[in-house]
Number of protein chains: 2
Amino acid sequence: MATEPSTAETPEAYDQLLSKVKRINNVEAASMLLSWDQQVMMPEGGTPARSQQLSTLSALQHELLTEEEVGDLLDELEGETLSPEREAVVREVRRDYERAVRVPTDLVERISQKTSEALPIWEQAKAENDWSQFAPHVEELVDLKRQYAEHVDPDADPYEVLFADYEPCLSLERAEEILTEIRETLVPMIDEIRDSETPITTDAFSGQFDTEVQEEVAREALTMLGYPWERGRLDTSSHPFSTGTQFDARVTTRFKAEDPIDALTATIHEFGHATYNLGLPDDAYATPLGEHRGLSVHESQSRLWENHVGRSQAFWERFLPTMAEYFPTIEEMTPREAYESVNQVYEDNPIRVEADELTYHLHIVLRFEIERALIAGELSVEDVPEVWNDKMEEYLGFRPETDAEGCLQDIHWSHGSFGYFPTYSLGSAMAAQLFQAAEADLGDVDALTREGEFDTLREWLRENVHRHGQRYETNALVREATGEDFSADAFTDYVTEKYGALYDLERV
Amino acid sequence: MATEPSTAETPEAYDQLLSKVKRINNVEAASMLLSWDQQVMMPEGGTPARSQQLSTLSALQHELLTEEEVGDLLDELEGETLSPEREAVVREVRRDYERAVRVPTDLVERISQKTSEALPIWEQAKAENDWSQFAPHVEELVDLKRQYAEHVDPDADPYEVLFADYEPCLSLERAEEILTEIRETLVPMIDEIRDSETPITTDAFSGQFDTEVQEEVAREALTMLGYPWERGRLDTSSHPFSTGTQFDARVTTRFKAEDPIDALTATIHEFGHATYNLGLPDDAYATPLGEHRGLSVHESQSRLWENHVGRSQAFWERFLPTMAEYFPTIEEMTPREAYESVNQVYEDNPIRVEADELTYHLHIVLRFEIERALIAGELSVEDVPEVWNDKMEEYLGFRPETDAEGCLQDIHWSHGSFGYFPTYSLGSAMAAQLFQAAEADLGDVDALTREGEFDTLREWLRENVHRHGQRYETNALVREATGEDFSADAFTDYVTEKYGALYDLERV
C-alpha cells in the first residue's frame, strides 16, 4: 500500500506532485509538534511567539498547497492511467487543493494565530470558571470559521463545510443519520437503565490514588498493549491527546487522585490513536498513503481500544492484578467488580471525557446542536452557558454546577474545531463495526485479552485499516475491512448486548 | 531599540521587507524547537521523519530569503533615508540575502537532512566509543560544507566563509589575532601553574551526589539568578544547550553523580545564553532588532555568568549554604575551598566542557586547527583521532584514553557546525571586557553577588547588550557597551589577576 518506487513508467508529474505533497505534510508535521509542545512543554510566556510560528507555518502550508503548479500537475495526472494507489493520491490532493485554493492565505494565518492565542485563554477561563473571558475569543473564532466556510463553498451549509475538515469522505447527511440511530437506541436504553433495579458495583475505585503511581500504572498498561516506546512517549496535559506520525506517535493523559480509571481509560484511548499513526506505512510518510483517513476512522481506533478492549471484563481479568500491585488497597477487588464499576452508566456526570459509553453520545449531540446553531448565527456566544445547561437538563437530567464543568470543559473550540465533535460518535459506531469484523476473523478476542496477547488484534487493525492510509475513502475502507457499508448497526448490537446483560434489561 | 511602529513616513517597502523577514525568522524558530525536541524529548525512532521536517523547513527558509522580491526591496530601501535602526535591519537582511542567494536550495536541504541524521549516529558512536561509525558522516558533512562555502564565495578561504555563519561581523583574521593573544597569555601561565607549589583545594566536591538532588540545586541556582520560569524550562540532554526566543528561552544540562559542579556550571552557562535571548526586545521578535548578534556575543553572555559570576568567590559565599542544605556532606566546606576547587587548573582533563577557564582555550585551539585542516582538505577524517590525541599531548601534556573522551566528545560536527568553536574563546574575551565595563559602571559586582542581588548586573547587560539585538555589528556593540574596541586585553588582565592570586604566580 506504500508509495511505489519510481519506475520508468512513473509519470514525471506524479513524482513532482509527490515531492510537493511531502513538503506540505512535513510543514504540517512541524506544526503538530509545535502544538504538542505548546500543550505539554512550553512555558506560558511563550504564547506570543508560538502563535506567530504556527500561523506562519499554516500560511506556508496553504501557499504550498495552492501553488498553481499543484493544480497543473493534478490536471495532467487526471488524464493519465495510474495505479489505484496513485489514483488515490491524486484524488486526495485534489480534494485538499480544491478547498484550499478558495481560501485566502491571510484568513488561514488569522485563524491559526487566533487559535494559538485562544488556547491559554481557554485554560485560564476554565481554571477561573469564567465563560466571559473566553466568550469574545469564541465569537471571533466562530466568525473566522464562518468566513472560511463561505470561501470554500458559499452555497453549502457552513457547518457541513467545517465538518468536512475532520471527516472529508462522509456527507453530513449520512453522519446525521448515524448519529440519529445512535441517539434513538440510547435514549430509551438509558431510561431503562435508570429504572433498572439490578445492583451493579459503582464504587470499586473510590478512595485516593497517588498520581505518580497512576502514571506508572498507565505506563504498564501501554507496555502491556504493545506501545513501542522507541516511537512514542507519555506526558501529561490538561486535555489528553495524541499526535504524531508513524515514526513518533505520542500520547498524553492527566491524573486525578480520586479517579484512577479516568487517566487509565484516557491513556488507552490515546494509545488507540497512536497505534493508528504507528500502523501507517513508514515508506509512505508525508504522503496521502501514509496519512490517516480522517477523524472518524481515527476515533474508531481510540474507541475500539478504550471500550471494546479496555472496558471488557477480559481486560480486567488480565490487568487488575497488575494494578493491585501498585495499589494494595484494591487487592481484594474482583475483575467483575472492576468491570461493573468502569461500565456504570452515570446519573449526573457533567464531563464528556469522563462519561460512560452510553451517555457519552448525548454529550456529543448537545455539542453538535450548539455548534450548528453558533455557526448558523442562530445562537449568540453569550447565551452558550444557559443553552448548554438547559440541554444537559433535557438530555441527561441535571444541570452542571459550573461552566468549568459545562461549556468550558472542552479544548476544541479554543482550537477553532467546530464540526469535530460528531466524529467522536461516528468513531464509536465504526469501532463496534470493526471489532465485530475482527472477532469474525480472529475468533474470541476476549480470550486473547485474558492472555495479555494484544498483538493479534493490533496486527488485524494494521492489516485492515492502518496500512491503507488514504487509499480508500471512509466508507470504502470500512467495507474493505468488514464487508459491509458503514452503519451504526454493530454499535446498536454491541450496547444492547453489553448493557442488557449488565443491567438485566429487556432486550429490544 | 525595538521596531518602530509603522507611520505615514514608513516606506512601504520597509514594512513589506519586515513582514517577509518575520516569516523567515518564524520558520527558523520552528526549526529550533524541532531541534530542541529532537535532543530533549523525541523518541529515538522519530529521526527519519524529523530529518525530513527539518530539511523541509531549512529549504523553505532559504527559499523565502532568496525570493527575488527580497532583493528588490533591499535595493529600493538602500536608496532611501532610514532611521539608524531601520538601516541596521536592511544591513542585516542584505548580509543574509547575499550569502543565501548563492547557495542552491537543495544543498541547504541536504545539509539539514544530513545533520539531523548524523545526530543519533554521533550519540551512538560516542556511547560505543567508535569513531569509525561516525567518520563517514563527518566526511559527508565536511564535503557538503565545503560545497556550501564554495557557493558562497569561491575565492575565499572556505573556513572563513563557514566561520561567518556563526560570527558574521568579525573577520577570521581579527578572530585569529584575538585567539593568538589568548593562547600566548595562557600557555606560559599554565606552565607556571603546573610548576607552582602553592597548594589549592582540588577535591572539595569529591564523593557521590544524587542526580535528582543535583537537579533541584540547579533549579535553585537558576531561581536565585533570576531565571523567569514563566519563559523558560530546564531539561536534561546529552549535551547542555540553550535555545529559544525572548518569549521562551530554554536551557538544558546533564547530571553526573560524581561531579556536581559540572552540571551546576553548565546550568549557569546556559542561563547566560537564555538571559541574552530573554533580554531581546519583545516587540522586535522575529526581526533583526530582536535577534542575537551572533555567537561570539552569545558566548560572552554565557561565559560572563559562568565564569565571572559562577566561579567567583562571592558566588560561593552566597550559594554554598544553599547547596549544603541539599547535600549535608558538604556542610563543613568553606566558600574559599569551594572557590579554589571550582577554579583549579586541571592536569589531565580531556573534556572541553569540563575544562577550567584556562586550559579550555587550548581545547578550542586544537579543534580550530583540526577543523581548518579538514575543511582545507589537508586532513582526512579517518586520521582525526590520531591528530586529536597528538595535539592534546602537545598542548595539554596527555593523551585521551578513548575517542569518546577525545574527538567524539562534542556534538558540533554532527550539527555540521564547522567554524563554531572559535566563537567560544572570542566569547570569553568579550565576557571579560563586558564584565570590566559593568564593574566600572556598577561598582563592586561581587558585593551584589554576595547579597544574592543579580538583577542589577542582568539589567546592565540588557541595557548595554541584549536590547540592541542586531542594531550594531559586533565590534560596534562592544564599543557601545564598553567604550573600547573588542580585544583580549580585559581577559588577559582578568586571568592574570585571578590565577596569579590563586596560584601565587609572579605577575607579568
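Residues numbered from 1 in each chain as written. Chains lettered and ligands numbered in written order. Predicted model: local features only at pLDDT ≥ 70, side-chain atom pairs only at ≥ 80, totals over all residues. Heavy atoms only, no water.

All names here are of chain A. When the UniProt feature table is mapped to this numbering, "active site" (unreviewed entry) covers Glu 270. By the secondary structure assignment, Glu 270 is in helix α10 (residues 260-279). Glu 270 gets classed as buried once you look at its relative accessible area, which sits at 6%. Excluding residues that lie within four positions of it along the chain, Glu 270 makes contacts with Pro 240, Phe 241, Ser 242, Val 251 and Thr 252. (UniProt positions renumbered as here; feature names shortened; annotations may be inferred. Helix = DSSP H or I, 4+ residues; strand = E, 2+ residues; numbered from the N terminus. Buried < 20%, exposed > 50% of the residue type's maximum accessible area, 1.4 Å probe, protein only. Contact = heavy atoms within 4.5 Å.)

This paragraph deals with a negative patch on the surface. Residues and elements named next belong to chain A. A grouping of Glu 12, Asp 15, Glu 68, Asp 72, Glu 76 and Glu 80 is seen on the molecular surface, where their side chains present a negatively charged patch. Listing elements by their share of the negative patch, those giving two or more residues are α1 (12-40) and α3 (68-78). Along the chain, the position of Asp 15 falls in helix α1. A residue is classified by how much of its surface remains accessible, and Asp 15, at 31% relative accessible area, is partly exposed. (Patch = residues over 30% accessible without salt bridge, like charges linked within 9 Å, V, L, I, M, F, W, Y side chains within 5 Å. Areas by Shrake-Rupley, 256 points an atom, 1.4 Å probe, with all protein chains shown as cover. Salt bridge = Lys/Arg side-chain N within 4 Å of Asp/Glu carboxyl O. Lys, Arg positive; Asp, Glu negative; His and termini not counted. Charge placed at Lys NZ, Arg CZ, Asp CG, Glu CD.)

In this model, helix α6 (residues 131-152) of chain B (22 residues) spans 30 Å end to end at C-alpha, consistent with the 32 Å of a helix rising 1.5 Å per residue. Where the residues of α6 of chain B are buried, they touch α4 (84-101), α5 (105-127), α7 (158-166), α14 (360-375) and α15 (384-396) of chain B. (Expected span 1.5 Å × (residues − 1).)

Time to look at the sheet that holds strand β1 (residues 234-236) of chain A. Residue and element names in this part refer to chain A. With mixed pairing, the three strands of this open sheet are ordered in space as β1-β3-β2. With one partner strand each, in any of the chains shown, β1 and β2 (242-245) form the two edges of the open sheet. For this sheet, the mean inter-axis angle between neighbouring strands, taken without regard to orientation, is 20°. In this structure, β2 lies alongside strand β3 (residues 248-253), joined through four bridges in antiparallel fashion. Along β3, the bridge assignment pairs Thr 243 with Arg 250. (Pairing = 2+ DSSP bridges. Axes fitted to C-alpha atoms, helices over the stretch in contact; angles between N-to-C directions.)

Both copies of the chain are related through a single rotation about an axis accompanied by a shift along the same axis. Placing chain A over chain B gives an RMSD of 0.0 Å and needs a rotation angle of 180°, together with 0.0 Å of translation along the axis. The relationship between the two copies is best expressed as a two-fold rotation axis. Mapped onto chain B, 100% of the interface residues of chain A again fall at the interface, so both copies present the same surface. (Least-squares fit on C-alpha atoms with pLDDT ≥ 70 in both.)

Turning next to the pairing of β3 of chain A. All names here are of chain A. The buried count for β3 comes to six of six residues, which makes it a mostly enclosed element. For β1 and β3, the ladder comprises three bridges, and the chain directions are parallel. The residue of β3 that forms the bridge with Leu 234 is Val 251. Between β2 and β3, which pair antiparallel one after the other, the connecting turn spans two residues.

All names here are of chain A. Feature annotation in UniProt assigns "binding site: Zn(2+)" (unreviewed entry) to the following positions: His 269, His 273 and Glu 299. These residues run over 31 residues, yet every pair of their C-alpha atoms falls within 8.7 Å of each other. Residue His 273 is classed as buried on the basis of its relative accessible area, which comes to 11%. Those residues in contact with His 273 that sit more than four places away from it in its chain are Ser 242, His 298, Glu 299 and Ser 302. Of note, Glu 299 is situated in helix α11 (residues 295-309). Given the relative accessible area of 1%, Glu 299 is considered buried. Look past the residues within four positions of Glu 299 in its chain and what remains in contact with it is His 269, His 273, Thr 423, Tyr 424 and Gly 427. In terms of polar contacts, Glu 299 uses its side chain to reach the side chain of His 273, at 3.2 Å. (Polar contact = N/O pair within 3.5 Å; in protein donor to acceptor, adjacent residues only side chain to side chain.)

Attention now moves to the interface of chain A and chain B. Contact with chain A, which involves 39 residues of that partner, is made by 39 residues of chain B. Contact between chain A and chain B buries roughly 3000 Å² in total, counting both sides, with carbon and sulfur atoms accounting for 61%. Linking chain A to chain B there are six salt bridges. Residue Arg 50 of chain A pairs with Asp 248 of chain B through a salt bridge whose shortest N-O separation is 3.8 Å. (Buried area = accessible area lost by both parts, 1.4 Å probe.)

Residues and elements named next belong to chain B. Counting buried positions along strand β3 (residues 249-253) yields five of five residues, so the element is predominantly enclosed. Every second residue of β3 is oriented toward a common face, with Ala 249, Val 251 and Thr 253 on one face and Arg 250 and Thr 252 on the other, all of them buried. As paired strands, strand β1 (residues 234-236) and β3 are joined by three bridges and run parallel to one another. Each residue of the ladder has a partner; that of Asp 235, found in β3, is Thr 252. Two strands pair when backbone bridges link them, and strand β2 (residues 242-244) and β3 are joined in this way by three bridges, in the antiparallel orientation. Counted as the bridge partner of Ser 242 is Val 251 from β3. Between β2 and β3, which pair antiparallel and follow one another directly, the connecting turn spans four residues.

Moving on to the nonpolar core. Ranked by size, the top nonpolar core spans 131 residues in total, and within it Trp 131, Phe 205, Trp 305, Trp 316 and Met 323 of chain B carry the most contacts. Discounting chain neighbours no more than four positions away, the residues touching Trp 316 of chain B are Phe 205, Ile 261, Leu 264, Gly 310, Arg 311, Pro 321, Met 323, Pro 335, Ala 338, Tyr 339 and Val 342 of chain B. Within the second largest apolar cluster, 127 residues are counted, among which are Ala 135, Ala 249, Val 309 and Val 445 of chain A. (Core = buried A, V, L, I, M, F, W, Y, C linked by side-chain atoms within 4.5 Å.)

Residues and elements named next belong to chain A. Its identity is not glycine, yet Asn 129 carries a phi of approximately 55°, on the positive side. Position of Asn 129 among the secondary structure elements: in the loop between α5 (105-127) and α6 (131-152). The exposure class assigned to Asn 129 is partly exposed, which follows from its relative accessible area of 34%.

Evaluation of the coordinates by the stated rule reveals 36 aromatic pairs over all chains. For the ring pair Tyr 227 of chain B and Trp 229 of chain B, a centre distance of 5.0 Å and an interplane angle of 90° mean the geometry is edge-to-face. The class for Trp 229 of chain B is partly exposed, based on a relative accessible area of 28%. Taken together, the ring pairs in this structure connect Tyr 166, Tyr 360, Tyr 420, Phe 421 and Tyr 424 of chain A into an aromatic cluster. Lying over the aromatic face of Phe 421 of chain A, Arg 367 of chain A brings its terminal NZ or CZ to 5.5 Å of the ring centre. A cation sits over an aromatic face here: Arg 250 of chain B above Trp 36 of chain B, 4.4 Å from the ring centre. (Phe/Tyr/Trp six-rings, centres within 6.5 Å; stacked < 30°, edge-to-face > 60°. Lys NZ or Arg CZ within 6 Å of the ring centre and 35° of its normal.)

This brings us to the sheet that holds β3 of chain B. All names here are of chain B. A sheet is described by the order of its strands in space; here three strands give the open sequence β1-β3-β2, paired in mixed fashion. Whereas interior strands pair on both sides, the edge strands pair on one side only; in this sheet they are β1 and β2. In this sheet, adjacent strand axes meet at a mean angle of 30° when their direction is disregarded.

On to helix α3 (residues 68-78) of chain B. Residue and element names in this part refer to chain B. Looking at α3, one finds that the buried residues are Val 70, Gly 71, Leu 73, Leu 74 and Leu 77. With its buried residues spanning 165° around the axis, α3 presents them on a single face. Along its buried surface, α3 packs onto α1 (12-40), α2 (47-65) and α4. (Arc of directions from axis to C-beta.)

Residue and element names in this part refer to chain A. Here helix α8 (residues 172-195) crosses helix α16 (residues 422-442) at 70°, and the two axes come no closer than 10 Å. In this view, α8 runs roughly perpendicular relative to α16, as classed from their interaxial angle. Viewed along their axes, α8 and α16 form a crossing whose handedness is left-handed. Across the interface between the two elements, Ala 175, Ile 178, Leu 179 and Ile 182 of α8 pack against Pro 422, Ser 425, Leu 426 and Ala 429 of α16. Broken down by class, the residue content of the contact of α8 with α16 amounts to seven nonpolar, one polar and no charged. (Parallel < 35°, antiparallel > 145°, perpendicular 65-115°, else oblique. Left-handed = near helix turned anticlockwise from the far one by under 90°. Nonpolar A, V, L, I, M, F, W, Y, C, P; charged D, E, K, R; others polar.)

Before going further, it helps to examine the packing of α1 of chain A against helix α2 (residues 47-65) of chain A. All names here are of chain A. With their axes 9 Å apart at the nearest point, α1 and α2 run at an angle of 160° to one another. Relative to α2, the element α1 lies roughly antiparallel. Judged by the sense of rotation from one axis to the other, the crossing of α1 with α2 is left-handed. Where α1 approaches α2, its residues Arg 23, Ile 24, Val 27, Glu 28, Ala 30, Ser 31, Leu 34, Ser 35, Asp 37 and Gln 38 are matched on the opposing element by Thr 47, Arg 50, Gln 53, Leu 54, Leu 57, Gln 61, Leu 64 and Leu 65.

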